[in-house]
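Inside the fold
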Amino acid sequence: MDHIADAQRTDLMTITRFVLNEQSKHPESRGDFTILLSHIVLGCKFVCSAVNKAGLAKLIGLAGETNVQGEEQKKLDVLSNDVFIKALKSSGRTCILVSEEDEEAIFVEPSQRGKYCVVFDPLDGSSNIDCGVSIGTIFGIYMMKDNHEPIIEDVLQPGKNMLAAGYCMYGSSCTLVISTGSGVNGFTLDPSLGEFILTHPDIKIPKKGKIYSVNEGNAKNWDGPTASYVEKCKFPKDGSSAKSLRYIGSMVADVHRTLLYGGTFLYPADKKSPSGKLRVLYEVFPMSFLMEQAGGQAFTGKERALDLIPTKLHERSPIFLGSYDDIEEIKALYAAEGK
């Protein structure tokens, strides 16, 4: 046995301990936020377990068929949505929930109501489940401005008003990346303990990257600045090396790589999707929040992404996010076109 390695494993910074440490820095805190986060973490663990079994479940005839008890088996994204809604409601700390899976916002009944609004995509990239590609959950948390009856405008706030944001990626390991507004930290689920352990403290994105990530299949529909930027990545005129293209097609996985290795992730507007494809509240905002907290930038082609004020729940927006210097380049191309 490696006793030294075991001894080092005894002082683990779990996500619970981490959040409680953060809470202790705010003497006025009543622990509501900590309780809410612990329910989100529980939802992530549940979905992680379900994702790991998905292929096997399908193999033995469980997905989309009726089982012996006559119960219809739920598809994974529907299951994930149910798990998060139940986890968030039962925390007793939420008042409005906005999910990618539901057309309307969910208003929590008064007996279970709290002061937080949570926006989330329960299983982003779920079309990739069958081929084993990393998928994930994305979430953002707002706070009610005062003690009025919750209204839809309470969640239609700019991203800069978010208190916290994060994502949980279900891949070769289960990784939870979160920011509460003072830096970004990454935790990895240790299956033997059932606990998320701090493995990526204070993540900082490199100032400039060597990777760009975009669906080049849409190239014929792009606007000028996007086409110019991608051309520049492939055929730099300043004598520098060309950038590498990496595109998984699962936002959580692409953004996670961008955060750790630097570079850019773009989902621009094009002729086919003039407003872009990604949803503002539960995709663009949380990821932009994390990028900025890690020292990067997020831009819509017109403005800072977190300054955008959404007018409807499932509004879409173009997005360019990643390393600070790389996004500066994209901003310069849009500014030049504007002139």
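All figures in this text were calculated on a predicted structure; none of them were measured in a lab. (Residues numbered from 1 in each chain as written. Predicted model: local features only at pLDDT ≥ 70, side-chain atom pairs only at ≥ 80, totals over all residues. Heavy atoms only, no water.)

A few words on the overall build of the chain. Check the secondary structure of the chain and you find 8 helices and 15 strands. Expected size for 339 residues packed as a compact globule is a radius of gyration near 20 Å; at 21 Å, the chain falls within 12% of this value. When its C-alpha atoms are laid out on the principal axes, the chain stretches across 60 × 60 × 50 Å. Expressed as a percentage of the 339 residues in the chain, the buried residues total 50%. Nonlocal contacts in the chain, meaning residues at least 24 apart in sequence, comprise 63% of its contacts between residues at least 6 apart. When the accessible area of the chain is evaluated, it comes to approximately 16200 Å², of which 54% is carbon and sulfur surface. Charge-centre separation for the chain: the mean point of 37 positive side chains lies 4 Å from the mean point of 43 negative side chains. (Helix = DSSP H or I, 4+ residues; strand = E, 2+ residues; numbered from the N terminus. Rg over C-alpha atoms; globule rule 2.2 N^0.38 Å. Buried < 20%, exposed > 50% of the residue type's maximum accessible area, 1.4 Å probe, protein only. Contact = heavy atoms within 4.5 Å. Areas by Shrake-Rupley, 256 points an atom, 1.4 Å probe, with all protein chains shown as cover. Lys, Arg positive; Asp, Glu negative; His and termini not counted. Charge placed at Lys NZ, Arg CZ, Asp CG, Glu CD.)

Let's shift gears to the pairing of strand 6 (residues 174-179). Of all 6 residues that make up strand 6, 6 are buried, and the element is covered over most of its length. Where burial is concerned, the two faces of strand 6 agree: the one with C174, L176 and I178 and the one with T175, V177 and S179 are both buried. Bridge count between strand 5 (residues 164-170) and strand 6: 6 bridges; the pairing is antiparallel. What sits directly across from G166, in strand 6, is I178. With antiparallel pairing between neighbouring strands as the criterion, strand 5 and strand 6 make up a hairpin whose turn holds 3 residues. Inspection of the sheet shows strand 6 paired to strand 7 (residues 185-190) by 4 bridges, in the antiparallel sense. Note that in strand 7 the partner of V177 across the bridge is G186. Once strand 6 ends, the chain turns through 5 residues before running back antiparallel as strand 7, passing G181 with a positive phi of about 100°. (Pairing = 2+ DSSP bridges.)

Looking at the chain, the domain boundaries give domain 1 (9-200) and domain 2 (211-338). One C-alpha centre belongs to domain 1, the other to domain 2; they are set 25 Å apart. Residue-level contacts link 46 residues of domain 1 with 30 residues of domain 2. Here domain 1 and domain 2 share an interface that buries about 2700 Å² over both sides, 71% of which is from carbon and sulfur atoms. It is I138, L156 and Y167 that lose the most area in domain 1 upon contact with domain 2, and together they represent 22% of the buried surface on that side. Linking domain 1 to domain 2 there are 2 salt bridges. (Domains from an automatic or database assignment. Buried area = accessible area lost by both parts, 1.4 Å probe. Salt bridge = Lys/Arg side-chain N within 4 Å of Asp/Glu carboxyl O.)

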